[in-house]
Amino acid sequence: MSRPSTPRRHARGFTLLEILTVLGIASVLSSLAWPSFQGSLQKARRADALVAMAQLQIAQERRYANRRSYGTLAELRLPERSSAGHYRLEVLSADDEGYTLIARATGAQAGDAECRHLMLTIAGGVTRRASGPDDQVANDPAANRRCWGL
């Protein structure tokens, strides 16, 4: 007489091969997403420089209203670093005609090659914004608008 067959038990869970496949796919997807994430992070950090330069601009105009001349960071009693510390600030020139400010990326933000340096010049009531990978701040107009968020 033949034995009645018993139903087989099926193992539950994932095999090692399935887990390795999922990990491989996840690593490929994350490596593709990383540059986009870095770009978004650099753009967000750029706001640190824009806020710091706006504060500098307000302080310069306040000083001009009181003394009829623009001043250095020391004269304005402002720090040399942006509030989050991603940029080093400097007043390149200041007189009774206008001023030039520059924000230089530091630390991790220095990897923002296209917008590493942001320069703001106020002369005779005209505002000029420039940006670039170095002190030449020679980006083309489209790159300049991207750097300044315009």
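What you see as residue numbers is a count from 1 along each chain, following the sequence as written. Under the rules for a predicted model, residues below a pLDDT of 70 receive no local features and side-chain atom pairs below 80 are neither given nor counted, while totals for whole chains, interfaces and linings still include all residues. Just so you know, side-chain values use all the structure's heavy atoms and leave hydrogens and water out.

Visitor: Got a minute to help me understand the overall build of the protein in this structure?
Guide: Across its full length, the protein carries 3 helices and 4 strands. Each helix is a run of H or I in the DSSP string that is no shorter than four residues. Each strand is a run of E no shorter than two, and both are numbered from the N terminus. When the helices and strands of the protein are read in sequence order from the N terminus, they spell out α-α-β-β-β-β-α. Residues classed as buried in the protein amount to 31% of the 150 residues present. Contacts in the protein between residues at least 24 apart in sequence constitute 39% of all its contacts with a sequence separation of at least 6. Residue burial is assigned from relative accessible area. The probe radius is 1.4 Å, only protein chains are included, and a residue is buried under 20% of its type maximum, exposed over 50%, and partly exposed in between. A contact between two residues is defined here by any heavy atoms of the two lying within 4.5 Å.

Visitor: Quick question: what am I supposed to make of the state of the cysteines here?
Guide: As used here, a disulfide is simply a covalent bond connecting the sulfur atoms of two cysteines. Our working definition of a disulfide is a cysteine sulfur pair at a distance within 2.5 Å. In total, this model carries 1 disulfide according to the counting rule given. There is a disulfide in this structure between Cys 115 and Cys 147, and the S-S distance comes to 1.8 Å. Judged by the sign of its S-S torsion, about -80 degrees, the cystine formed by Cys 115 and Cys 147 is left-handed. With Cys 115 in the loop between strand S2 (98-105) and strand S3 (117-123) and Cys 147 in helix H3 (residues 141-148), this residue pair connects regions lying 32 residues apart in the sequence. Given a relative accessible area of 2%, Cys 147 falls into the buried group.

Visitor: Would you mind showing me how to read the nonpolar core here?
Guide: The tendency in soluble globular proteins is for nonpolar side chains to be buried as a group. The criterion is simple. A nonpolar core is a set of buried Ala, Val, Leu, Ile, Met, Phe, Trp, Tyr and Cys residues joined through side-chain atoms within 4.5 Å. Among the nonpolar cores identified, the biggest contains 21 residues, and Met 53, Leu 56, Leu 89, Leu 101, Ala 103 and Leu 118 are the most heavily contacted of them. Looking at this core, the elements that each hand over two or more residues are helix H1 (16-67), helix H2 (73-76), strand S1 (87-94), S2, S3 and H3. Non-local contacts of Ala 103, meaning those with residues more than four positions away in its chain, are made with Ala 49, Met 53, Tyr 87, Arg 88, Leu 89, Arg 116, His 117 and Leu 118.

Visitor: Please clarify how the sheet that holds S3 should be interpreted in this entry.
Guide: Two pairing modes exist for strands in a sheet, parallel and antiparallel, and in both the strands are linked by backbone hydrogen bonds. If you trace the 4 strands from one edge of the open sheet to the other, you get S1-S2-S3-S4, paired in antiparallel fashion. Edge positions in the open sheet fall to S1 and strand S4 (126-132), since each of these has one partner strand only. Put simply, the sheet's adjacent strands are angled 15 degrees from each other on average, direction ignored. In this analysis, strands are considered paired if DSSP registers two or more bridges between them. The pairing of S3 with S4 spans 7 bridges and is antiparallel. Note on method: axes are straight lines fitted to C-alpha atoms, helices fitted across the in-contact stretch only, with angles between N-to-C directions ranging 0 to 180 degrees.

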